[in-house]
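A closer look at the structure
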Amino acid sequence: MSGLADHLRKPPRGMRDWLPPQFYALKHMEDVLSKVAESFGYRRVETPVVEHFEVLAKKAGEEVINEIYYFKDKAGRELGLRFDMTVPVARVLSYNLDTPRPVRWYYFTKVFRYDEPQHGRFREFYQFGIELVGSQSPRADAEVLQILTESLTAAGAASYVVKINDRRAVDKMLESLGLSAYRDVIYRALDKKLKLPREEVVALMTRGGVPLDKAEKIYDMAGEAALQDAVDLLTRLDPSLGAHYAKLVRYLEVSTSLERFRFDMSIVRGLDYYTGIVFEAFAGEYKLAVGGGGRYDDLLELYSGVKTPALGFAIGVERLMEAVGLHSVEKPLDYYIYIFDDEAYPHAVSIAKKLRKAGFSVAVELGEKNLKDAFEYVLKIGTRYLIIIGRKELERGVVKIRDLQRREEYEKSINEF
Ligand code: AMP
């Protein structure tokens, strides 16, 4: 067979096509998640997929910089594809400084990372997320976490856990162990704690220069606890941090269910821009994080020159769909109108117009199929009703309607449509 070579029939590596049933599943997610964000007063924002490379590189962090799709346009401008929406939103706000604070924005859109594709890891994927800009209050942290939990519930995740940590707590712990100089190495090692066995995580630290006994101590300290139990530990590390978390726990207790949250010192997250609370969400049996976020109080200043506290989260939409088992949504055609000849065409068009106006989807036979083939076709594409306009029926001012679900057939007067 000629035509495109096999590998060219598939999209570029790490990317996927969305055929209608898959697209409607995605659209369903978009509707459900947007509704949650909108109900909290968040408003939708969109930016170009292409950004100035300099804007992207400013705060991506070493690991992510290597994942940026980078290119020059024909005029030699250095550009890149956005790897998240937090950076573009920070850029937008850098020239919209008078946007009333707090800013509550959300997005549902494509982002790109030149990563090694594997299960749940793509080069082009969708993120749904929110940005809450201009507040330092633990109530802002609580609001973002509440929206995260409500989004997961609305998407159909029956069981999930949100693991919380705070970079300030980790930094304090490193300070007390005299290991502040190894922060980057330790962060990168902790980030692998959920994926790699103990020896390997410890080895990542020792190879970076951390003494073995201290590496082991850090590994063991980075355990999991109930969020309310972590308040004591945080207070010991830093009383003001403890006070912040005591409030957060009180707020979450009333706004959502506290047992959904765990404190876990191994959650540090890959992106460089986080400054305070960081968190990751896991749904059901699905191993990979379906979402993550945190506070980035310095990011906006980097772009606008104005210190602006902010936080947000992003959900990986494909991963969430996988976790809740949502793969496709069939959207059957409501009506297919079959006619035998051009004489019936005006009637077909007129009935079709009326049905479309009433909100139904309607397709009219193009004149290349006999009734048997048309019948097979409508069954294959999924159709609710087949309308047949025959000459004998037309003379009596009626059409035949076949209900393909109930397998019944009846007549209806043309005037009734
Ligand atoms: P991040 O922007 O890295 O905080 O990612 C937020 C969420 O996006 C993660 O929790 C994942 O669910 C999802 N995500 C991140 N990277 C990928 C990827 N390469 N492919 C698919 N989903 C991803």
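1. Describing the overall build of the protein
When its secondary structure is counted, the protein shows 17 helices and 17 strands. Over its C-alpha atoms the protein spans a radius of gyration of 28 Å, topping by over 25% the 22 Å that the globule rule assigns to 417 residues. Here the C-alpha coordinates of the protein stretch approximately 95 × 55 × 45 Å along the principal axes. Sorting the 417 residues of the protein into buried and exposed places 48% on the buried side. Restricting to contacts in the protein with at least 6 residues of sequence separation, those with at least 24 account for 67%. Element-wise, carbon and sulfur atoms account for 50% of the exposed surface of the protein, whose accessible area totals about 21,300 Å². Put simply, the protein has 62 plus and 63 minus side-chain charges, and the middle of one group is 2 Å from the middle of the other.

2. A short note on the site of the ligand
Residues in close proximity to the ligand total 15 residues, the closest being Arg-113, Phe-122, Gln-127, Arg-269 and Ala-289. In this structure, an oxygen atom belonging to the ligand sits 3.2 Å away from a main-chain N or O atom of Val-290. Out of a free accessible area of 480 Å², the ligand has 92% covered by protein chains. Across the shell around the ligand, the residue classes tally to six nonpolar, five polar and four charged.

3. Some details on empty space enclosed by the protein
Summary: where empty space remains is shown by rolling a probe the size of a single water molecule over the atoms. A complete count under the given rule lists one cavity of 30 Å³ or more for this structure. Volume-wise, the largest cavity comes out at about 30 Å³. For the lining of the largest cavity, the leading source of residues is helix 5 (residues 86–94), giving four residues.

4. Let's talk about helix 16 (residues 371–381)
The N-cap of helix 16, judged by a side-chain oxygen 3.2 Å from the amide nitrogen of Lys-372 a few residues on, is Asn-370. A positive phi of about 85° marks Gly-382, the residue just after helix 16.

Calculation rules
- Residues numbered from 1 in each chain as written.
- Predicted model: local features only at pLDDT ≥ 70, side-chain atom pairs only at ≥ 80, totals over all residues.
- Heavy atoms only, no water.
- Helix = DSSP H or I, 4+ residues; strand = E, 2+ residues; numbered from the N terminus.
- Rg over C-alpha atoms; globule rule 2.2 N^0.38 Å.
- Buried < 20%, exposed > 50% of the residue type's maximum accessible area, 1.4 Å probe, protein only.
- Contact = heavy atoms within 4.5 Å.
- Areas by Shrake-Rupley, 256 points an atom, 1.4 Å probe, with all protein chains shown as cover.
- Lys, Arg positive; Asp, Glu negative; His and termini not counted.
- Charge placed at Lys NZ, Arg CZ, Asp CG, Glu CD.
- Near = heavy atom within 4 Å.
- Polar contact = N/O pair within 3.5 Å; in protein donor to acceptor, adjacent residues only side chain to side chain.
- Nonpolar A, V, L, I, M, F, W, Y, C, P; charged D, E, K, R; others polar.
- 1 Å grid on protein atoms, 1.4 Å probe; cavity = no way out; pocket = protein on both sides within 12 Å on 5 of 7 lines; lining within 4 Å.
- Points joined across faces, edges and corners; volume = space filled by probe spheres on them.

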